[in-house]
Amino acid sequence: MRPLTDEETKTMFEKLSKYIGENIKILVDRPDGSYCFRLHNDRVYYMSEKILKLAAHVSREKLVSVGTCFGKFTKTMKFRLHITALDFLAPYAKFKVWVKPGAEQSFLYGNHVMKSGLGRITENTMQYQGVVVYSMTDVPLGFGVAAKCTAECRQVDPMSIVVFHQADVGEFIRNEDTLT
(Lines give C-alpha, C1' and ligand atoms only; values in the text may rest on other atoms or scores of the structure.)
Protein backbone atom coordinates (compact mmCIF):
# COMPACT_ATOMS: atom_id res chain seq x y z
CA MET A 1 0.00 0.00 0.00
CA ARG A 2 1.43 3.33 -1.06
CA PRO A 3 0.37 6.95 -1.54
CA LEU A 4 -0.84 7.92 -4.99
CA THR A 5 1.61 9.61 -7.35
CA ASP A 6 0.83 13.13 -8.59
CA GLU A 7 -0.38 11.78 -11.93
CA GLU A 8 -2.59 9.15 -10.28
CA THR A 9 -4.02 11.73 -7.88
CA LYS A 10 -4.76 14.10 -10.76
CA THR A 11 -6.48 11.37 -12.78
CA MET A 12 -8.58 10.24 -9.82
CA PHE A 13 -9.56 13.76 -8.73
CA GLU A 14 -10.56 14.66 -12.30
CA LYS A 15 -12.91 11.68 -12.33
CA LEU A 16 -14.32 12.53 -8.87
CA SER A 17 -14.80 16.19 -9.83
CA LYS A 18 -17.17 15.11 -12.62
CA TYR A 19 -19.54 13.95 -9.90
CA ILE A 20 -18.92 16.12 -6.82
CA GLY A 21 -17.04 19.18 -8.15
CA GLU A 22 -15.07 21.12 -5.56
CA ASN A 23 -16.50 18.98 -2.75
CA ILE A 24 -13.45 16.71 -3.04
CA LYS A 25 -11.89 18.86 -0.31
CA ILE A 26 -14.65 17.74 2.06
CA LEU A 27 -13.63 14.10 1.56
CA VAL A 28 -10.04 14.71 2.68
CA ASP A 29 -10.54 17.40 5.37
CA ARG A 30 -13.36 15.98 7.42
CA PRO A 31 -14.37 17.22 10.88
CA ASP A 32 -14.13 13.70 12.33
CA GLY A 33 -10.46 13.29 11.47
CA SER A 34 -7.98 13.23 8.63
CA TYR A 35 -8.66 10.91 5.69
CA CYS A 36 -6.48 9.87 2.77
CA PHE A 37 -6.38 7.84 -0.44
CA ARG A 38 -3.96 4.91 -0.82
CA LEU A 39 -3.19 2.57 -3.72
CA HIS A 40 -3.02 -1.20 -3.25
CA ASN A 41 -3.08 -3.69 -6.16
CA ASP A 42 -4.23 -0.98 -8.65
CA ARG A 43 -7.21 -0.15 -6.43
CA VAL A 44 -7.64 3.17 -4.61
CA TYR A 45 -8.82 2.95 -1.00
CA TYR A 46 -10.22 5.76 1.13
CA MET A 47 -9.46 5.49 4.83
CA SER A 48 -8.79 7.44 7.99
CA GLU A 49 -5.23 8.09 9.10
CA LYS A 50 -5.92 5.93 12.17
CA ILE A 51 -6.77 2.90 10.06
CA LEU A 52 -3.78 3.61 7.82
CA LYS A 53 -1.42 3.37 10.80
CA LEU A 54 -2.97 0.08 11.88
CA ALA A 55 -2.78 -1.36 8.36
CA ALA A 56 0.94 -0.57 8.20
CA HIS A 57 1.55 -3.53 10.52
CA VAL A 58 0.17 -6.01 7.95
CA SER A 59 2.42 -7.19 5.11
CA ARG A 60 1.46 -6.26 1.53
CA GLU A 61 1.03 -9.86 0.49
CA LYS A 62 -1.47 -10.59 3.26
CA LEU A 63 -3.40 -7.31 3.03
CA VAL A 64 -6.53 -7.84 0.94
CA SER A 65 -8.27 -4.50 1.43
CA VAL A 66 -8.42 -1.65 3.90
CA GLY A 67 -10.91 1.20 4.07
CA THR A 68 -13.41 1.77 1.26
CA CYS A 69 -12.51 0.95 -2.32
CA PHE A 70 -13.18 4.04 -4.46
CA GLY A 71 -12.14 2.55 -7.76
CA LYS A 72 -9.28 1.11 -9.73
CA PHE A 73 -6.74 2.09 -12.32
CA THR A 74 -6.97 0.22 -15.60
CA LYS A 75 -3.93 -1.02 -17.48
CA THR A 76 -4.03 2.18 -19.56
CA MET A 77 -3.94 4.25 -16.33
CA LYS A 78 -7.55 5.43 -16.59
CA PHE A 79 -9.48 5.59 -13.32
CA ARG A 80 -12.73 3.68 -12.99
CA LEU A 81 -15.05 4.41 -10.07
CA HIS A 82 -16.56 1.46 -8.21
CA ILE A 83 -20.03 1.34 -6.75
CA THR A 84 -18.49 1.15 -3.27
CA ALA A 85 -17.76 4.90 -3.59
CA LEU A 86 -21.47 5.73 -3.90
CA ASP A 87 -21.97 6.34 -0.18
CA PHE A 88 -19.31 9.06 -0.30
CA LEU A 89 -20.33 10.57 -3.67
CA ALA A 90 -24.10 10.79 -3.10
CA PRO A 91 -24.18 13.42 -0.30
CA TYR A 92 -21.91 15.79 -2.25
CA ALA A 93 -23.25 15.22 -5.79
CA LYS A 94 -23.77 18.40 -7.80
CA PHE A 95 -25.94 16.83 -10.47
CA LYS A 96 -28.64 14.29 -9.69
CA VAL A 97 -31.19 12.24 -11.59
CA TRP A 98 -34.27 10.65 -10.03
CA VAL A 99 -35.79 7.63 -11.75
CA LYS A 100 -39.40 6.49 -11.60
CA PRO A 101 -40.19 3.33 -9.61
CA GLY A 102 -40.78 1.33 -12.80
CA ALA A 103 -37.33 2.21 -14.15
CA GLU A 104 -35.44 1.45 -10.93
CA GLN A 105 -35.26 -2.28 -11.56
CA SER A 106 -34.08 -1.76 -15.13
CA PHE A 107 -31.28 0.53 -13.91
CA LEU A 108 -30.31 -1.91 -11.16
CA TYR A 109 -29.95 -4.64 -13.80
CA GLY A 110 -27.33 -2.52 -15.58
CA ASN A 111 -29.42 -0.77 -18.24
CA HIS A 112 -29.30 2.91 -19.21
CA VAL A 113 -32.02 5.32 -18.03
CA MET A 114 -34.57 6.14 -20.72
CA LYS A 115 -36.58 9.35 -20.91
CA SER A 116 -39.71 7.37 -20.01
CA GLY A 117 -38.09 6.36 -16.70
CA LEU A 118 -36.79 9.82 -15.82
CA GLY A 119 -38.53 11.35 -12.80
CA ARG A 120 -36.51 14.54 -12.26
CA ILE A 121 -33.14 15.93 -13.23
CA THR A 122 -31.06 18.71 -11.71
CA GLU A 123 -31.28 22.00 -13.62
CA ASN A 124 -28.31 23.00 -15.82
CA THR A 125 -26.98 19.46 -16.15
CA MET A 126 -24.66 19.44 -19.15
CA GLN A 127 -24.25 16.61 -21.64
CA TYR A 128 -21.66 14.00 -20.54
CA GLN A 129 -21.74 15.34 -16.96
CA GLY A 130 -21.39 12.80 -14.16
CA VAL A 131 -24.68 12.29 -12.29
CA VAL A 132 -25.77 10.30 -9.26
CA VAL A 133 -28.96 8.31 -9.86
CA TYR A 134 -31.58 8.29 -7.09
CA SER A 135 -34.93 6.60 -6.63
CA MET A 136 -37.92 8.91 -6.20
CA THR A 137 -37.58 8.30 -2.43
CA ASP A 138 -34.04 9.78 -2.46
CA VAL A 139 -32.21 6.47 -2.10
CA PRO A 140 -28.95 6.53 -4.11
CA LEU A 141 -28.99 3.70 -6.67
CA GLY A 142 -25.80 4.34 -8.63
CA PHE A 143 -24.13 6.77 -10.95
CA GLY A 144 -23.74 7.43 -14.62
CA VAL A 145 -23.15 10.06 -17.28
CA ALA A 146 -25.86 12.35 -18.66
CA ALA A 147 -26.46 11.52 -22.32
CA LYS A 148 -28.41 14.73 -22.88
CA CYS A 149 -28.46 18.13 -21.21
CA THR A 150 -31.48 19.18 -19.14
CA ALA A 151 -33.03 21.22 -21.96
CA GLU A 152 -32.74 18.34 -24.45
CA CYS A 153 -34.30 15.91 -21.95
CA ARG A 154 -37.58 17.84 -22.10
CA GLN A 155 -37.94 17.46 -25.87
CA VAL A 156 -36.65 13.97 -26.71
CA ASP A 157 -38.88 10.98 -27.38
CA PRO A 158 -39.62 8.58 -24.48
CA MET A 159 -37.31 5.82 -25.71
CA SER A 160 -34.19 8.01 -25.87
CA ILE A 161 -31.35 7.36 -23.45
CA VAL A 162 -30.88 10.24 -21.00
CA VAL A 163 -28.32 8.67 -18.60
CA PHE A 164 -25.61 6.21 -19.53
CA HIS A 165 -25.23 3.54 -16.85
CA GLN A 166 -21.83 3.27 -15.14
CA ALA A 167 -22.44 1.57 -11.80
CA ASP A 168 -25.37 0.59 -9.61
CA VAL A 169 -25.99 -1.11 -6.28
CA GLY A 170 -27.06 -4.26 -8.12
CA GLU A 171 -23.38 -4.83 -8.90
CA PHE A 172 -22.88 -6.08 -5.36
CA ILE A 173 -24.88 -9.14 -6.35
CA ARG A 174 -23.81 -9.45 -10.00
CA ASN A 175 -20.06 -9.02 -9.37
CA GLU A 176 -19.63 -9.98 -5.74
CA ASP A 177 -16.63 -12.20 -6.49
CA THR A 178 -14.61 -9.41 -8.17
CA LEU A 179 -15.49 -6.50 -5.84
CA THR A 180 -13.07 -6.11 -2.94
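Everything discussed here concerns the structure shown above.
The structure contained in this document is the topic of the report that follows. (Residues numbered from 1 in each chain as written. Predicted model: local features only at pLDDT ≥ 70, side-chain atom pairs only at ≥ 80, totals over all residues. Heavy atoms only, no water.)

Let's talk about the overall build of the chain
A tally of helices and strands in the chain yields 7 helices and 12 strands. Computed over its C-alpha atoms, the radius of gyration of the chain comes to 17 Å, within 12% of the 16 Å expected for a compact globule of 180 residues. Its C-alpha atoms give the chain principal-axis dimensions of roughly 55 × 35 × 35 Å. Per-residue burial for the chain yields a buried fraction of 44% across its 180 residues. When the accessible area of the chain is evaluated, it comes to approximately 10,000 Å², of which 54% is carbon and sulfur surface. For the chain, the distance from the average site of its 24 positive side-chain charges to the average site of its 20 negative ones is 1 Å. (Helix = DSSP H or I, 4+ residues; strand = E, 2+ residues; numbered from the N terminus. Rg over C-alpha atoms; globule rule 2.2 N^0.38 Å. Buried < 20%, exposed > 50% of the residue type's maximum accessible area, 1.4 Å probe, protein only. Areas by Shrake-Rupley, 256 points an atom, 1.4 Å probe, with all protein chains shown as cover. Lys, Arg positive; Asp, Glu negative; His and termini not counted. Charge placed at Lys NZ, Arg CZ, Asp CG, Glu CD.)

With respect to the pattern of salt bridges
Inspection of the entire model under this criterion finds 5 salt bridges. With a closest N to O distance of 3.0 Å, aspartate 32 and arginine 30 form a salt bridge. The exposure class of arginine 30 is partly exposed, given its relative accessible area of 23%. (Salt bridge = Lys/Arg side-chain N within 4 Å of Asp/Glu carboxyl O.)

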